[in-house]
Amino acid sequence: MSAVGQVLSVADIEERIAPLRGRLTSHPLYVSMKTRADLRVFLESHVYAVWDFMCLLKSLQQKLTCVDTFWVPTKLPASRRFVNEIVLGEESDEYLGRPISHFEMYLDAMEESGADASRVRALTAGGRLELEGIPEAAAAFVRNTFAVIKRGSVAAQAAAFTFGREDVIPDMFRELVRELNRESSGELDKFVWYLERHIEVDGEDHGPLSLQMVSDLCGEDAGLWEEAADAAEKAIEARIALWDGILRDIQTHQANA
């Protein structure tokens, strides 16, 4: 924890969360996945993190841009542009000339691989946060995301987005997916596209812009900086807990195979 009243910086937050980031990037989940069946278990839980990412993003869009009919320019134009740019790509990207959101693409990838997308489709079709019947670790992850959406400041939401929603899947996992795709003659083409597209759209600009968004929102307010740091920690801890849960599910599936 920082000293009372201390104004932090993004560098301070990065230093604080570094041990958690280390645990995340070296998580044993990645090496535990060896087959397409293991990957399907992963997809059926991870999809909820893909969905609630959009909920967090849309919350930021509501707060940092004007979405009212009576339009007025909002403060922080750089963050306004950044958020709108992210929304454009995530909500209406293009795949083979067809407009599609990354979430919809993920659902297509699940079904292409043989994973069950029915529960997440039911959740989104219902229009309310009904988490019964979904994997326990995924439900806990979504609850954490909606806690910061409903009760967190915009600075806390921006920090959860910036530090907790970066690409956390390492190269070793992407190579595993490519290898499984080669073995299955393209069964995972859409999931490979999803992974590669996120590397591409997260490019060199988005990292600095997201950090600047957090800095602009916190300003010289020590309390907001502490909220942002706490939200960043909780977001990564939630991701580690999700990975722990998926790992347990994979191990159970392997033991029963």
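For clarity, every value in this text was computed on a predicted model and none was experimentally measured. (Residues numbered from 1 in each chain as written. Predicted model: local features only at pLDDT ≥ 70, side-chain atom pairs only at ≥ 80, totals over all residues. Heavy atoms only, no water.)

Asks: Can you walk me through the overall build of the chain in this structure?
Replies: If you tally the helices and strands in the chain, you get twelve helices and two strands. Helices (α) and strands (β) of the chain occur, in sequence order from the N terminus, as α-α-α-α-β-β-α-α-α-α-α-α-α-α. For 257 residues, the compact-globule estimate of 2.2 N^0.38 gives 18 Å, and the chain sits close to it at 19 Å. Counting only C-alpha atoms and orienting by the principal axes, one finds that the chain spans roughly 55 × 40 × 35 Å. (Helix = DSSP H or I, 4+ residues; strand = E, 2+ residues; numbered from the N terminus. Rg over C-alpha atoms; globule rule 2.2 N^0.38 Å.)

Asks: Can you help me understand the packing of helix α8 (residues 154-164) against helix α12 (residues 222-256) in this one?
Replies: Each packed pair of helices is defined by two parameters, the angle between the axes and the distance between the axes. Contact pair α8 / α12: the axes reach a minimum separation of 8 Å and the direction vectors enclose 40 degrees. When the interaxial angle is binned, α8 and α12 end up oblique. Judged by the sense of rotation from one axis to the other, the crossing of α8 with α12 is right-handed. Across from Ala155, Ala156, Ala159, Ala160, Phe163 and Gly164 in α8, the residues of α12 making contact are Leu224, Glu227, Ala228, Ala231, Ala232, Ala235, Ile236 and Arg239. By residue class, the composition of the contact of α8 with α12 is eleven nonpolar, one polar and two charged. (Axes fitted to C-alpha atoms, helices over the stretch in contact; angles between N-to-C directions. Parallel < 35°, antiparallel > 145°, perpendicular 65-115°, else oblique. Left-handed = near helix turned anticlockwise from the far one by under 90°. Contact = heavy atoms within 4.5 Å. Nonpolar A, V, L, I, M, F, W, Y, C, P; charged D, E, K, R; others polar.)

Asks: Is there a simple way to think about the environment of Gly126 in this case?
Replies: Mapped onto the secondary structure, Gly126 falls in helix α6 (residues 118-126). What makes Gly126 partly exposed here is its relative accessible area of 48%. For the pair Gly126 and Ala156, spaced 30 residues apart in the sequence, the C-alpha separation amounts to 28 Å. (Buried < 20%, exposed > 50% of the residue type's maximum accessible area, 1.4 Å probe, protein only.)

Asks: What am I meant to see in the packing of aromatic side chains here?
Replies: Think of a pair of aromatic rings as described by two things: how far the centres are apart, and how the planes are tilted against each other in angle. If you walk through the whole model with that rule in mind, you get eleven aromatic pairs. Between Tyr106 and Tyr194 the ring centres are 5.0 Å apart and the planes differ by 85 degrees, which places this aromatic pair in the edge-to-face class. Pair noted here: Tyr106 is in helix α5 (residues 102-113) and Tyr194 is in helix α10 (residues 189-201), with a separation of 88 residues, a long-range link. Judged by relative accessible area, which is 1%, Tyr106 ranks as buried. Overall, Tyr194 belongs to the buried group, its relative accessible area being 8%. Put simply, the rings of Tyr30, Phe42, Tyr106, Phe173, Phe191, Tyr194 and Trp243 pair up and form one aromatic cluster. (Phe/Tyr/Trp six-rings, centres within 6.5 Å; stacked < 30°, edge-to-face > 60°.)

Asks: Got a minute to help me understand the pattern of salt bridges in this structure?
Replies: Any two side chains of opposite charge can pair, on the condition that their charged atoms come close. All chains considered together, the criterion is met by 14 salt bridges. A salt bridge links Glu175 to Arg182, with the shortest nitrogen-to-oxygen separation between them at 3.0 Å. Judged by relative accessible area, Glu175 falls into the partly exposed class, the value being 37%. Notably, a salt bridge pairs Lys234 with Asp230, separated by 3.2 Å at the nearest N-O pair. (Salt bridge = Lys/Arg side-chain N within 4 Å of Asp/Glu carboxyl O.)

Asks: Would you mind showing me how to read the packing of helix α4 (residues 77-91) against helix α11 (residues 206-218) here?
Replies: One can describe the packing of α4 onto α11 by two numbers: an axis separation of 10 Å at closest approach and a directional angle of 130 degrees. Taken together, α4 and α11 sit at an angle that is classed as oblique. When you trace α4 past α11, the crossing you get is left-handed. For the pair formed by α4 and α11, the contact residues are Ser79, Phe82, Val83, Glu85 and Ile86 on the first element and His206, Leu209, Ser210, Met213 and Asp216 on the second. Here the contact of α4 with α11 is composed, by residue class, of five nonpolar, three polar and two charged.

Asks: Just checking my understanding: could you explain the side chain of Glu233 for this structure?
Replies: Among the secondary structure elements, Glu233 is positioned in helix α12. Once residues within four sequence positions are removed from consideration, Glu233 is found in contact with Arg16, Ile17 and Leu20.

Asks: What am I meant to see in the environment of Pro135 here?
Replies: Its location among the elements puts Pro135 in the loop between α6 and α7 (136-151). Judged by its relative accessible area of 13%, Pro135 falls in the buried class. Sequence spacing of Pro135 and Asp249 is 114 residues, and the spatial spacing of their C-alpha atoms is 8.9 Å. What Pro135 contacts, discounting residues up to four positions off in sequence, is Glu44, Ser45, Tyr48, Arg119 and Asp249.

Asks: Mind showing me how you'd approach the side chain of Thr145 here?
Replies: Assignment of secondary structure puts Thr145 in helix α7. Of the polar contacts made by the side chain of Thr145, one reaches the side chain of Arg165; its length is 3.0 Å. Non-local contacts of Thr145, meaning those with residues more than four positions away in its chain, are made with Asp52, Leu56 and Arg165. (Polar contact = N/O pair within 3.5 Å; in protein donor to acceptor, adjacent residues only side chain to side chain.)

Asks: Even after reading the chapter, I still don't get the confidence of the model for the chain, so can you show me in this structure?
Replies: Reading predicted coordinates in detail is not appropriate for stretches of low pLDDT. Scored by pLDDT, the chain has a mean of 91; 95% of the residues are at 70 or more. Put simply, helix α9 (residues 171-183) is where the chain has its lowest mean pLDDT, 83, and α7 is where it has its highest, 97. (pLDDT = per-residue confidence, 0-100.)

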